[in-house]
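Results of the structural survey
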Amino acid sequence: MGVREQPRVIPSRLTRTLYLCLPLATAMNIHVLDLMGAASPKPTGSPGLSEEAIFGRKNCTNCGKPESSIWCQQCAEGGVGQLRIFYCSKPCQDQHAVAHRDVCEARRLLSRAVSIFMELWTTFEENTFSSKVRFVNERNGKIFLRLRSARSDEGTWMGKSFLEQFPGDAVPENARDALKKAVLFDNACTEVFSVGLSFVKILLKRGCLQEANIKVKDPALVVDLAEHPTLAPFGHNLLRVKLTTGEIFAIDFTGAQFGWRDQLYTWDTYVQHRVKEFNSLEPLGGAKQQDSMVYCRISPTSIGGASRAFRTDVVNEGLVKGLVTYFVQHETTVKKLLSLPPSLFVRERAQLVNHLKHSIRTRVQKPCDLGIGRLYFDDQFESHVVSTSEEALKYQNVWLSKEEYSANKGNLKALRYIWKKKVASSS
Ligand SMILES: [Zn+2]
Ligand SMILES: [Zn+2]
């Protein structure tokens, strides 16, 4: 499969993965080097407008009176955006009820779907978190994030898993939510549209879906990857959805990496306040295609390849299959679930979300119990990831104990000697 001459965009989670296997990436016909050499993003003097500032009180939808104070609660139900339709008074709202009905229903379904997606995707990210965060702090609205390089990972000697605890020791326990989410969703936007695409489609298969890739405007937080600081300008993926009512929305699943709280916006508002420039706007599938194209060339036991296979499995077997199973067992559909009256919906939603969170955790835990995901060295002392239980068995007596490792820490020659001896005696 050929690589396009001018890649519009290097998928961003991918970019980070590629950094971890750079010798391989540079051998490939993609512009990783350009990427490593570009200037780091400048600190923004004026952080982007908060959601409150953007979505402040508006004119009455019925009579146009400014600064109206009540809004339709139903369309704002999902809590993932401030899609408020304002009215100056109850009589005005009542007068507008018939005209508003279809729009209200469509908005409610959409925001419910997005809220379910976000809760589950957050759980997915937390449970498959693999960034080695060494250092994080926030200064003047800019987050400095330093990732530990995979090469120097001492965990390989002891067969540590490539998975990391979220948020990890480097992120303070009392860090505010926005900072933790920025770390969690940092460079995660392409993954939603590649690995997560089938799940996106199941939950959001209404209206016309498009994939947008943009340069963002005025991020409220800027993650500066200290060791490879050039990832941010390479595009941000989001969804453009046109509903049957004609309304168009932006769904930004991973805007938290820029300090943005909401996921759902009317399209015009999003374009006005969040978009600096469009790189592309196309039917769903572009990011997935690029992602597959690159990963088919990456060794399945490299950290990047294994991590992606692992996460794909959790999405497909944990989330997608879990969702389908739930709908069969409960004799329902996405549409039916999302259309339930509020009290019933709250109950059904909780059941579904619990079911799927359990399903995600099981799907992560099971291979880990078998030793899948642990790091090991090949003959050249390059790090790889165990991807089968046979491999896990093969290496179980090779990994150093904590004591063995600490006794020889810093002495590469000694460590390698022990390792080789163990390999020889275990085969
Ligand atoms: Zn009014
Ligand atoms: Zn409404």
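Per chain, residue numbering runs from 1 following the sequence as it is written. For naming, the first written chain is A and the first written ligand is 1, with later ones following in the order written. pLDDT decides what is reported in this predicted model: residues at 70 or higher carry local features, side-chain atom pairs at 80 or more are listed and counted, and totals for whole chains, interfaces and linings draw on all residues regardless.

1. Focus: the overall build of the protein
Runs of E in the DSSP output that reach at least two residues are strands. Runs of H or I that reach at least four are helices, and both are numbered from the N terminus. Helix and strand content of the protein: 16 helices and 12 strands. For the exposure call, what matters is how many other C-beta atoms sit within 10 Å of a residue's own: 20 or more marks it buried, 12 or fewer exposed, and in between partly exposed, using C-beta atoms placed from the backbone. When the 427 residues of the protein are sorted by exposure, 38% land in the buried category. Long-range pairs, those at least 24 residues apart, make up 76% of the contacts in the protein with a sequence separation of at least 6. For every residue pair, C-beta atoms are placed from the backbone, and the pair is scored as a contact if these atoms sit within 7 Å.

2. Here's the deal with the pairing of strand E8 (residues 248-251)
On any regular strand, side chains alternate: one points to one face of the sheet, the next to the other face. Two strands qualify as a pair provided DSSP detects at least 2 bridges between them. Where strand E7 (residues 236-242) lies against E8, four bridges are found, and the strand directions are antiparallel. Paired with Val241 across the strands is Phe249, a residue of E8. The loop that links E7 with its antiparallel partner E8 comprises five residues; one of these, Gly246, has a positive phi angle of about 95°. Relative to strand E9 (residues 264-266), E8 runs antiparallel, the two being bridged by three bridges. In the strand pairing of E9, Ala250 is matched with Tyr265.

3. Looking at the environment of Leu264
If you trace the backbone, Leu264 turns up in strand E9. Given 26 C-beta atoms within a 10 Å radius, Leu264 is considered buried. Between the alpha carbons of Leu264 and Ser111 there is a distance of 7.2 Å; along the sequence they are 153 residues apart. Excluding residues that lie within four positions of it along the chain, Leu264 makes contacts with Val80, Gly81, Leu83, Leu110, Ser111, Val114, Phe249 and Ile251.

4. Some words on the sheet that holds strand E5 (residues 208-216)
If you walk across this open sheet you meet the five strands as E9-E8-E7-E5-E10, and the pairing is antiparallel. The sheet is open, and its two edges are formed by E9 and strand E10 (275-283), each paired on a single side. On average, adjacent strands in this sheet sit at an angle of 30° to one another, irrespective of strand direction. Helix H9 (residues 267-274) rests against E5, E7, E8, E9 and E10 of the sheet, and its axis sits at about 100° to E9. Throughout, an axis means a line fitted to C-alpha atoms (over the contacting stretch in the case of helices), and angles, computed between N-to-C directions, take values from 0 to 180 degrees.

5. Describing helix H13 (residues 342-369)
For H13, with 28 residues, the first-to-last C-alpha span of 40 Å sits near the 40 Å given by 1.5 Å per residue. For H13, every residue scored as buried is listed here: Leu352, Leu356, Lys357, Ser359, Ile360, Arg363 and Val364. Here the buried face of H13 lies against helix H5 (90-127), helix H11 (303-329) and helix H12 (334-338). Positive phi shows up at Gly371, right after H13, with a value of about 95°. A helix is expected to reach a length of 1.5 Å times the quantity of its residues less one.

6. Let's talk about the confidence of the model for the protein
Looking at the protein as a whole, its pLDDT mean stands at 82, while 83% of the residues score no less than 70. A low-confidence stretch, residues 1-48 (pLDDT under 50), is modelled with 91 contacts involving residues beyond four sequence positions or located in other chains. Values of pLDDT, ranging from 0 to 100, describe the predictor's confidence in every residue of the model.

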